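Tertiary structure, described
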Amino acid sequence: MNDQLVIHVGEADLLTAYRAHYPVFPRNRIAIGALLVLLLGISLALLDDPADARHAAAYAGALLLWAAFLFFVLQLAMRRWWMPRYTRRIYAQQVDLRTPFTLNWTEDRLTTVSANGTAHIAWDDFHRWLRTDTMLLIYRSDALFHIVPLHGKEAQRAADAIVALLQKADVPQKRST
């Protein structure tokens, strides 16, 4: 089996990929942050008045609510303000994002062919993958990923074939949160 797909990544595709890559509410960070804020609140309240446990609990609860509000506002600002600006800057800086490239895949590997060169990557060299309704991200590491926009039936069929080969190589799927 030898298939290929020509890909044109637009600025909107890059933004969609970043939004899929950076989850809105990463559960592990929320849990760790809440625990740290709770411990800080209890510690500060006990330092203030160690005899009044109800005061400590109220203080910790208020601090936790304030931290949750700040977290929500920062997440909203990141997704609505920072991420689109960051995407525009990266898209303008990285010329190879604006040039089409071809993905070829076989049972053994994924090959990327572009004006800048050719890369052959064995399936088991991939770190993980994530598929959404509009995008397939194939991760080389936690920070580096190939973007496959799923525009049209040809891209959807290509993504199905690529995901099947990733699964065959036991490459884990990234959890979306």
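Presented here is an overview of the structure given in this document. (Residues numbered from 1 in each chain as written. Predicted model: local features only at pLDDT ≥ 70, side-chain atom pairs only at ≥ 80, totals over all residues. Heavy atoms only, no water.)

1. Comments concerning a nonpolar patch on the surface
Stated precisely, the cut-off is as follows: Two joining distances apply to patches: 9 Å for like charges and 5 Å for nonpolar side chains (Val, Leu, Ile, Met, Phe, Trp, Tyr), and every residue must have over 30% relative accessible area and no salt bridge. In this description, accessible areas are obtained by the Shrake-Rupley approach with a 1.4 Å probe, and a residue is regarded as covered only by the protein chains that are shown. The rule for a salt bridge is simple: a side-chain nitrogen of Lys or Arg has to be within 4 Å of a carboxyl oxygen of Asp or Glu. The helix and strand labels rest on DSSP assignments: H or I over at least four residues marks a helix, E over at least two residues marks a strand, and numbering proceeds from the N terminus.
Taken together, the side chains of Trp 66, Phe 69, Leu 70, Phe 72, Val 73 and Leu 76 define a hydrophobic patch exposed on the protein surface, amounting to about 590 Å² of accessible area. Its place among the elements puts Trp 66 in helix H3 (residues 53–93).

2. Side note on the sheet that holds strand E4 (residues 117–122)
Threshold: Here a strand pair is declared whenever DSSP counts at least two bridges between the two strands. Axis definition: a line fit to C-alpha positions, over the contact stretch in the case of helices; interaxial angles, taken between N-to-C directions, run 0 to 180 degrees.
Spatially, four strands are ordered E1-E2-E3-E4 in an open sheet, and the strand pairing comes out antiparallel. Among the strands making up the open sheet, the edge pair consists of strand E1 (3–7) and E4. Put simply, the sheet's adjacent strands are angled 15° from each other on average, direction ignored. Of the pairings in the sheet, the one linking strand E2 (residues 101–105) to strand E3 (residues 109–114) comprises four bridges and is antiparallel in character.

3. Notes on unusual backbone geometry
In plain terms, the rule: With a 1.4 Å probe rolled over the protein chains alone, any residue whose accessible area is under 20% of its type maximum counts as buried; one over 50% counts as exposed, and the rest are partly exposed.
Positive phi, close to 60°, is recorded for Asp 170, a residue that is not glycine. For Asp 170, the position within the fold is in the segment after helix H5 (152–168). Of the residues examined, Asp 170 reaches a relative accessible area of 68% and is grouped as exposed.

4. Overview of the pattern of salt bridges
Taken as a whole and assessed by the stated rule, the structure comprises two salt bridges. Between Lys 168 and Glu 107 there is a salt bridge, and its shortest N-O distance comes to 2.7 Å. Residue Lys 168 is found in helix H5, and its partner Glu 107 is found in the loop between E2 and E3; the two are separated by 61 residues along the sequence. With a relative accessible area of 37%, Glu 107 lands in the partly exposed category. With a closest N to O distance of 2.6 Å, Asp 160 and Arg 131 form a salt bridge. Here Asp 160 is found in helix H5, whereas its partner Arg 131 is found in strand E5 (residues 128–131), with 29 residues between them in sequence. The partly exposed category is assigned to Asp 160, whose relative accessible area is 43%. What makes Arg 131 partly exposed here is its relative accessible area of 24%.

5. Quick notes on the environment of Ala 68
Structurally, Ala 68 can be placed in helix H3. The class of Ala 68 is partly exposed, set by a relative accessible area of 45%. Sequence separation between Ala 68 and Val 37 is 31 residues; the distance between their C-alpha atoms is 9.6 Å.

6. Remarks on the packing of aromatic side chains
Selection rule: Centres within 6.5 Å make a pair out of two Phe, Tyr or Trp rings, where for Trp the six-membered ring is used; the pair is then stacked when the planes are under 30 degrees apart, edge-to-face when over 60, and tilted otherwise.
This model, assessed by the stated rule, comprises six aromatic pairs. Ring geometry for Tyr 18 against Tyr 86: centres 5.4 Å apart, planes inclined by 50°, an arrangement best described as tilted. You can see Tyr 18 sitting in helix H1 (residues 11–21) and its partner Tyr 86 sitting in helix H3, a full 68 residues away along the chain. The exposure class assigned to Tyr 18 is buried, which follows from its relative accessible area of 10%. Between Tyr 139 and Phe 145, the ring centres sit 5.3 Å apart and the planes meet at 50°, which makes this aromatic pair tilted. The exposure class of Tyr 139 is buried, given its relative accessible area of 1%. One aromatic cluster is present, formed by Tyr 18, Tyr 22, Trp 82, Tyr 86, Tyr 139 and Phe 145 through successive ring pairs.

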